[in-house]
Amino acid sequence: MQPKVLVVDDEEDIRNFLLKALTRIAGFHVEVARDGEEALRKVDQNEIDLILTDLKMPKVDGLQLITEIAKTKPEILTIVMTGHGTMDSAIEAMKRGASDYLSKPVNLDELVIRIKRVLDEKQRFVSLKEYIARLEKANQELKKIDEMKSEFVSVASHELRTPLATIKSAIQLVLTEKAGATTENQKNLLTLADKNINRLVNLLNDLLDLSRIESGRIGMKFEELDLSALIEFVVSSSKPQATAKSISLEKEVSDDLPPVQGDGQKVEQILTNLIGNALKFTPEGGRVTVSAKISQKAKGMAEISVRDTGVGIPQEQLGRIFEKFHQVENSLHHSVPGTGLGLAIAKGLVEAHQGEIWVESEVGKGTTFTFTLPLSRKERREPAFRFLLDREFRRAQENRSPLTLFLIEVTSSTGKPGENDFAGLQDILRNCFVRKGDILLKREHDSIWAALCEADLKGAQVIRQRIEEEVRKGIENGRTRSLQVKVGTATYPEEAIAKRELFRRARIQLRG
């Protein structure tokens, strides 16, 4: 298909010359206009690929034309023709969106070459844009498949645990001979089956944990933790495993280490995974050391390390060590049984605490895994809220979808709202946020509810009105006492393009 070129010049001779030359020599489909005003009309009426325009013209001049085209029809390319001594104007035209410029009098061969080059650049850009669009579509489809996979793993793992528990109970019943006498050979076979069921249950538990982490459905109960006591408990629990291999398991934690903020069970799981991994890959007579200190690299964080004198990890494998099902290949030791999920789970749990985890290793000299946890501070942001806001904001950026943050403050004319008031309000708010992905939680240290919803500015206004109406109905129906509710909102990307700005705007509106 022939490119369509619009020639804009107030001199009729130049218009006619370029019309004939570009039609006959270059084979373009050419339209002409005497000034910018006529050119804008023709752009509205025709599909134009490129505009070749003079700068100095009556009514709408070349600069005005370029500015308007860049604003309303950015897909149309523009090339400027300028007389001698007006180079500054040509530079200004390029700043406003022109693709190229030529000096008058125009050399016809050069003009054709420059037009074709600009059109080729556009075609490459269009092709790249289409390619990016296809990649984005494929990426979205892969995300959907990954979500389906995670959902399948979660459901399958959950459903398999029940029959396995029944089988395990039956085996234990037979082993205790409550169902009748068994021979020694039968006991050995049943004991082997029982061990394999335990391995399978552990695998299913790991798959469930990983599925919850990846889908963002993992429950986190943040509280102030005595890290020294927690490490002492996990180290003591792991002592029998270390003793069986004659490995020295030591703890190095300073007495003045401040508390951290985290989920006790999840931190225990991280430590158990890392210590178990260290014991697994450390030969007899080796040493595993668990240490904790205030981080010098990350402000406001504690740094916990698990160091061993084991076989080490080859340098080329360090980048993949936290991948799912990755097993270290090392000629210094034979394959060690395991699911390959422990480190992936540890990484997910550390990141859920807003921490980082990394590994340092040298083959034959040992490995050190280090992770960070936030120190507890009296005036701290809610870790659960921070984790959810970070995760949902990152997801909105990746998916190019809107995200609205709601801050809902609750007060009562009869005094401080009680637990019954909050329970009633929770039911009301959950009815207002009806989408599956909507998140609602109460912040611990104030009477504020926070909600995250995939809604644009218009949708946020509808939800806000719904909240106010439902609270009023709740008061009228006696479901809550005389509660006053204030709502502050901010929407990405219409009102805020940064996470901090999103929270700040919602807080200002709440206090306004």
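**Thoughts on the overall build of the protein chain**
In terms of regular secondary structure, the protein chain is built from 13 helices and 16 strands. A buried classification covers 43% of the 512 residues belonging to the protein chain. Look at the contacts in the protein chain between residues 6 or more apart in sequence, and 70% of them connect residues 24 or more apart. Put simply, the protein chain shows about 28,700 Å² of open surface, and 51% of that area lies on carbon and sulfur atoms.

**A word on the sheet that holds strand 12 (residues 366-374)**
Within a sheet, each strand pairs with its neighbour through backbone hydrogen bonds, oriented either parallel or antiparallel. Taken together, the five strands give an open sheet; going across it, the order is 7-9-10-12-11, and neighbouring strands pair in mixed fashion. In the strand order of this sheet, the two ends are held by strand 7 (248-253) and strand 11 (357-362), each with one partner. Across the sheet, the mean angle separating the axes of adjacent strands is 15 degrees when strand polarity is ignored. Sheet strands in contact with helix 8 (residues 264-280) are strand 7, strand 9 (287-294), strand 10 (301-308), strand 11 and strand 12, and its direction is about 175 degrees off that of strand 12.

**Some thoughts on the nonpolar core**
Counting 68 residues, the largest nonpolar core has Leu-227, Ile-231, Ile-304, Phe-371 and Leu-502 as its most contacted members. Ignoring any residue separated from it by four or fewer positions in sequence, one finds Ile-231 in contact with Lys-251, Val-253, Leu-271, Val-290, Ala-292 and Ile-304. Of all hydrophobic cores here, the second largest spans 20 residues; its members include Val-7, Ala-21, Phe-28 and Leu-50.

**Focus: the packing of aromatic side chains**
Tallying each qualifying case throughout the model produces three aromatic pairs. Centre to centre, the rings of Phe-406 and Phe-433 are 5.1 Å apart; their planes meet at 75 degrees, and the pair counts as edge-to-face. Placement of the pair is Phe-406 in strand 13 (residues 403-412) and Phe-433 in the loop between helix 11 (419-432) and strand 14 (439-442), with a sequence separation of 27 residues. No difference in accessibility class separates Phe-406 from Phe-433, as the two residues are buried.

**Focus: helix 13 (residues 499-511)**
Look at helix 13: 19 Å from first C-alpha to last across 13 residues, which is about the 18 Å you get at 1.5 Å a residue. Buried residues of helix 13: Leu-502, Ala-506 and Leu-510, and no others. Down the axis, helix 13 shows its buried residues gathered within 65 degrees of arc, on one side only.

**Brief notes about the packing of helix 7 (residues 227-244) against helix 8**
Their axes nearest at 10 Å, the elements helix 7 and helix 8 cross at an angle of 40 degrees. Regarding helix 7 and helix 8, the two cross each other, and that crossing is right-handed. Contacts from Leu-227, Leu-230, Ile-231, Phe-233, Val-234, Val-235, Ser-238, Gln-241 and Ala-242 of helix 7 reach helix 8 at Gly-264, Val-267, Glu-268, Leu-271, Thr-272, Ile-275, Gly-276 and Leu-279. For the contact of helix 7 with helix 8, the per-class residue count stands at 11 nonpolar, five polar and one charged.

**Here's the deal with unusual backbone geometry**
Omega for the bond connecting Lys-104 with Pro-105 falls within 30 degrees of zero, at -5 degrees, which places this linkage in the cis form. With respect to the helices, strands and loops of the structure, Pro-105 is situated in the loop between strand 5 (100-103) and helix 5 (108-175). Phi at Lys-59 takes a positive value of approximately 60 degrees, unusual for a residue other than glycine. Position of Lys-59 relative to the elements: it lies in the loop between strand 3 (50-54) and helix 3 (62-72). By relative accessible area, Lys-59 is classed as exposed at 62%. For Ser-246, which is not glycine, the phi dihedral falls at a positive 55 degrees. Structurally, the position occupied by Ser-246 is in the loop between helix 7 and strand 7.

**Looking at the packing of helix 2 (residues 36-45) against helix 3**
Between helix 2 and helix 3, the shortest axis-to-axis distance is 9 Å and the interhelical angle comes to 25 degrees. When the axes of helix 2 and helix 3 are compared, the pair comes out roughly parallel. Here helix 2 and helix 3 pass one another in a crossing that is right-handed. Counting all contacts with helix 2, which are made through Gly-36, Ala-39, Leu-40 and Val-43, the residues of helix 3 involved are Leu-65, Glu-68 and Ile-69. For the contact of helix 2 with helix 3, the residue count by class is five nonpolar, one polar and one charged.

**Looking at helix 3**
All of the buried residues in helix 3 are Gly-62, Leu-63, Leu-65, Ile-66 and Ile-69. Viewed end-on, helix 3 has its buried residues packed into an arc of 160 degrees, placing them on one side of the element. Tucked into the core, helix 3 has its buried residues touching strand 1 (4-8), helix 2, strand 3, strand 4 (77-82) and helix 4 (87-96).

**Quick word on the environment of Arg-96**
Inspection of the secondary structure puts Arg-96 in helix 4. Ignoring sequence-local partners within four residues, the contact set of Arg-96 consists of Leu-63, Gln-64, Ile-66, Thr-67 and Ala-70.

**Details of the confidence of the model for the protein chain**
Mean pLDDT over the protein chain works out to 82, with 86% of the residues at or above the 70 mark. For the protein chain, the element scoring lowest by mean pLDDT is helix 11, at 72; strand 12 scores highest, at 94. Confidence drops under pLDDT 50 across residues 331-336; counting only partners more than four residues distant or on other chains, this segment forms nine contacts.

**Some details on the side chain of Asp-35**
Tracing the backbone through its elements, the reader meets Asp-35 in the loop between strand 2 (29-33) and helix 2. Nearest to the buried, unbridged Asp-35 among oppositely charged side chains is Lys-59, at 4.5 Å. A polar contact of 3.1 Å, which involves the side chain of Asp-35, links it to the backbone nitrogen of Glu-37. With near-sequence residues (within four places) excluded, Asp-35 lies in contact with Val-8, Met-57, Pro-58, Lys-59 and Val-60.

**Looking at the environment of Glu-47**
Counting through the fold element by element, Glu-47 comes out in the loop between helix 2 and strand 3. The class for Glu-47 is exposed, based on a relative accessible area of 62%.

**Considering the pattern of salt bridges**
Under the definition given, this model contains 24 salt bridges. For Glu-37, the salt bridge goes to Lys-59, with nearest N and O atoms at 3.6 Å. Here Lys-59 lies in the loop between strand 3 and helix 3 and Glu-37 lies in helix 2, a separation of 22 residues in the sequence. Using a relative accessible area of 35% as the deciding quantity, one classes Glu-37 as partly exposed. A single salt-bridge network, built from bridges that share partners, covers Asp-100, Glu-110, Arg-114 and Arg-117.

How each quantity is defined
Residues numbered from 1 in each chain as written. Predicted model: local features only at pLDDT ≥ 70, side-chain atom pairs only at ≥ 80, totals over all residues. Heavy atoms only, no water. Helix = DSSP H or I, 4+ residues; strand = E, 2+ residues; numbered from the N terminus. Buried < 20%, exposed > 50% of the residue type's maximum accessible area, 1.4 Å probe, protein only. Contact = heavy atoms within 4.5 Å. Areas by Shrake-Rupley, 256 points an atom, 1.4 Å probe, with all protein chains shown as cover. Pairing = 2+ DSSP bridges. Axes fitted to C-alpha atoms, helices over the stretch in contact; angles between N-to-C directions. Core = buried A, V, L, I, M, F, W, Y, C linked by side-chain atoms within 4.5 Å. Phe/Tyr/Trp six-rings, centres within 6.5 Å; stacked < 30°, edge-to-face > 60°. Expected span 1.5 Å × (residues − 1). Arc of directions from axis to C-beta. Left-handed = near helix turned anticlockwise from the far one by under 90°. Nonpolar A, V, L, I, M, F, W, Y, C, P; charged D, E, K, R; others polar. Parallel < 35°, antiparallel > 145°, perpendicular 65-115°, else oblique. pLDDT = per-residue confidence, 0-100. Lys, Arg positive; Asp, Glu negative; His and termini not counted. Salt bridge = Lys/Arg side-chain N within 4 Å of Asp/Glu carboxyl O. Polar contact = N/O pair within 3.5 Å; in protein donor to acceptor, adjacent residues only side chain to side chain.

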